[in-house]
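The primary structure of each chain is shown beneath.
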Amino acid sequence: MVLKAFRRSVRAENKKLRGGGVWAVFLLIPLLSAAYGTFSFCYNSAAVTQDWAGLWGQHTLYYALFFFAPMAAIYAAWLWRLEHLGHNWALVMGMPVPRPCLFAAKLAAAFRLVLLTQGWMWLLFFGCGKLWARLPGTPPPACLLWALRGALAAVPMLALQLLFSMLCRSFVPPVLLALLGGVAGFLFVSKGWGLYWPYGLPALGMNANQGRDMLGGQALPFAAACLGFTLLFTAAAALLLQKWDVRG
Amino acid sequence: MLRSVRAELLKTRRRFDWLLLALLAGTALLLGAGGAPDSLQELASGYSAFFYTLPIVHVLVMPVGMAALTSRLWDAETRGNTRKLLFTLQSRGDFYAAKTLLGLFYLLVLAGMEALGLLAMGRVYAFTEALDPGRLLWLLVCSAAVEAVLLAAFTLLQLRFSSPVLLLGVGLGCSMGGFFLAMLADIGSMGAAVLYAAPFAWFLPLSDMEMAWDTAARQAVYLPQPRRYALLAAALGVGALLFLWGRRAAADREV
């Protein structure tokens, strides 16, 4: 019964993503990031090792630390946008699905979008490496793993952003909070506290601007942090949705 | 006109726009500082370092910040789809001018927040360098001028498309594009000319502080640069032109 409601909710969320401006963001941001990263890689040939790991570092440097969080926040805010328009919130409260299902479906839809974004980012990385930087061979499998790990690390951040966008009727403030969160994440990661900050996790997962694996020996704490933060934010959202009365 | 301004001020109640401005100023200062200074040389050039890094940070933060601010200014009309109603009830020119005035007021508040934040950081870190008020004023005026250009451009986009996603997407794209251009400008063959082509990156050529790396002493040296008054005038002119264009677009819009 709950599973059926969840599936129905996911289908509804996926429909909201069709033909939305959100796809322009999906295409544009990784594209610009790839152009910037590859240019920086080619230009700084004396300072950056000229291999796939070096290119990965340049591609993820600003993407993971600065642009990834606001992009994920835009995805999350988009998924709540329709509910906040007009008097739609009253309809949401009256929908014949358990309210936590609604939040979980949004999280699933946002995760799917982030997964696709990471795939697009990896394709751009591969294409730029072969065609622009003219690197030999193929990228090491670790790069693909880092991209996927970045998507997984985005889940707690997505849950938090969905919570913010659920509470805030306006589209913009949650996106700016993500911007600040990402910048603070940069400081947390540089101090070695990335695991304790949801916005620092994607940089750790993607191994941003690093040749070596930043998570060496810390895979379990990383997974625990991702799971813990996700459960915490999802539970908070579910609780709020359960307790919340209809508002116009 | 006064009635339109009052209406805009009424809309700001419970909107907490000052929080958004504080977020922007905080993010810029946090990124500009990059961490606490850890040597006497860094303390002795604390403010100069900020005068050099803040324009770079503005290139990264302000395009998306101004997109967000524009979206906030038009939030009530977008969510309630009331622009059509307002256009038929009040003078469109006044309506547009009131929104612009409020936006400019926000830019002044943002500049004030950055100045106060900078002074507070100087106190907290105990910079030994004396603050040059003229340089601070130049930084704030130039930043506000470029932000006004961005605000006017995003308002035009908002009028045309009414989509916050598109605005923020373009803002993020400009942030990244500006940073990309900053790197291109660093390359001798391209020169700084590329920066002049993109108003969203004008924070950089308007900066009056340059940095050189002293390899022997292994420290950054900050060098004052001549101020580009012509570019500042150009920014103000472009901002005014965009405002007039937007006002005309609002007047001509079908309802």
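Just so it is clear, the structure is predicted and the values come from calculations on it, not from any experiment.

Considering the overall build of chain A
In terms of regular secondary structure, chain A is built from 9 helices and 0 strands. Helices (α) and strands (β) of chain A occur, in sequence order from the N terminus, as α-α-α-α-α-α-α-α-α. Computed over its C-alpha atoms, the radius of gyration of chain A comes to 19 Å, within 12% of the 18 Å expected for a compact globule of 248 residues. In terms of overall dimensions, chain A has C-alpha extents of about 60 × 35 × 30 Å along its principal axes. Taking all 248 residues of chain A together, the buried fraction comes to 54%. At a minimum sequence separation of 6, the contacts of chain A that also span at least 24 residues come to 79%. On chain A, roughly 10,500 Å² of surface is accessible, and the fraction owed to carbon and sulfur atoms is 71%. Here chain A carries 19 positive and 5 negative side-chain charges, and the mean point of each set is 6 Å from the other.

As for empty space enclosed by the protein
All names here are of chain B. Summed over the entire model, instances satisfying the criterion amount to 3 cavities of 30 Å³ or more. A volume near 60 Å³ is recorded for the second largest cavity. Together, Phe51, Pro55, His58, Trp138, Leu139, Cys142, Ser143, Phe203, Leu206, Ser207 and Asp208 line the second largest cavity. Among the secondary structure elements, those contributing two or more residues to the lining of the second largest cavity are helix H4 (46-73) and helix H8 (133-161).

Observations regarding the pattern of salt bridges
All names here are of chain B. In this structure the tally under the stated criterion is 11 salt bridges over all chains. Note that Lys99 and Glu8 form a salt bridge whose closest N and O atoms lie 2.7 Å from each other. With Lys99 in helix H7 (residues 92-125) and Glu8 in helix H1 (residues 2-11), this pair connects stretches of sequence that are 91 residues apart.

Examining the packing of aromatic side chains
Tallied over the full model, the rule gives 29 aromatic pairs over all chains. Their ring planes at 10° and their centres at 5.8 Å tell us that A:Phe229 and A:Phe233 sit as a pair that is stacked. In this pair, A:Phe229 and A:Phe233 are both assigned in helix H9 (residues 219-243), 4 residues apart and thus about one turn of the helix distant. Given the relative accessible area of 11%, A:Phe233 is considered buried. Seen from their ring centres, B:Tyr47 and B:Phe127 are 5.0 Å apart, and the 85° between their planes marks the pair as edge-to-face. Of this pair, B:Tyr47 sits in helix H4 while B:Phe127 sits in the loop between H7 and H8; the two residues are 80 residues apart in sequence, bridging distant segments of the chain. Here B:Tyr47 matches B:Phe127 in class, with each residue buried. Members of the aromatic cluster, connected to one another through ring pairs, are A:Tyr36, A:Phe39, A:Tyr43, A:Tyr62, B:Phe179 and B:Phe180. Sitting over the face of the ring of A:Trp80, A:Lys106 holds its NZ or CZ atom 4.5 Å from the ring centroid. Positioned over the ring face of B:Phe161 is B:Arg160, at 5.0 Å from the centre of the ring.

Conventions and cut-offs
Each chain has its residues counted from 1, following the order in which its sequence is written. In the order they appear in the text, chains get letters beginning with A and ligands get numbers beginning with 1. Totals for whole chains, interfaces and linings use all residues, but because this is a predicted model, local features are given only for residues with pLDDT of at least 70 and pairs of side-chain atoms are given and counted only at 80 or more. Where side-chain values are given, they derive from all heavy atoms of the structure, hydrogens and water being excluded. In this description a helix means any DSSP run of H or I spanning at least four residues, a strand means any run of E spanning at least two, and both kinds are numbered starting from the N terminus. Two things to know: the radius of gyration comes from C-alpha atoms, and the globule rule equals 2.2 Å times the number of residues to the power 0.38. Each residue is assigned to one of three classes by its accessible area relative to the maximum for its type, calculated with a 1.4 Å probe on protein chains only: buried under 20%, partly exposed between the two thresholds, exposed over 50%. Whether two residues are in contact is decided by their heavy atoms: any pair within 4.5 Å suffices. Surface accessibility follows the Shrake-Rupley procedure with a 1.4 Å probe radius. Residue values consider only the protein chains on display as shielding. In this tally Asp and Glu are treated as negative and Lys and Arg as positive; neither His nor the chain ends contributes. Charged side chains are reduced to one point each, which is NZ for Lys, CZ for Arg, CG for Asp and CD for Glu. Grid points spaced at 1 Å and placed over the protein atoms alone form the basis of the search, with a cavity being a set where a 1.4 Å probe fits but cannot get out and a pocket an open set showing protein on both sides within 12 Å along at least five of seven lines. Lining residues have an atom within 4 Å of a point. Grid points are joined across faces, edges and corners, and a volume is the space filled by probe spheres set on the points. A side-chain nitrogen of Lys or Arg and a carboxyl oxygen of Asp or Glu constitute a salt bridge if their distance falls within 4 Å. We call Phe, Tyr and Trp rings a pair once their centres come within 6.5 Å, taking the six-membered ring for Trp, and we label the pair stacked below 30 degrees between planes, edge-to-face above 60, and tilted otherwise. When the NZ atom of lysine or the CZ atom of arginine is within 6 Å of a ring's centre and also within 35 degrees of its normal, the charge is said to sit over that ring.

It is worth stressing that arrangement in space is one thing and function is another; only the former is reported here.
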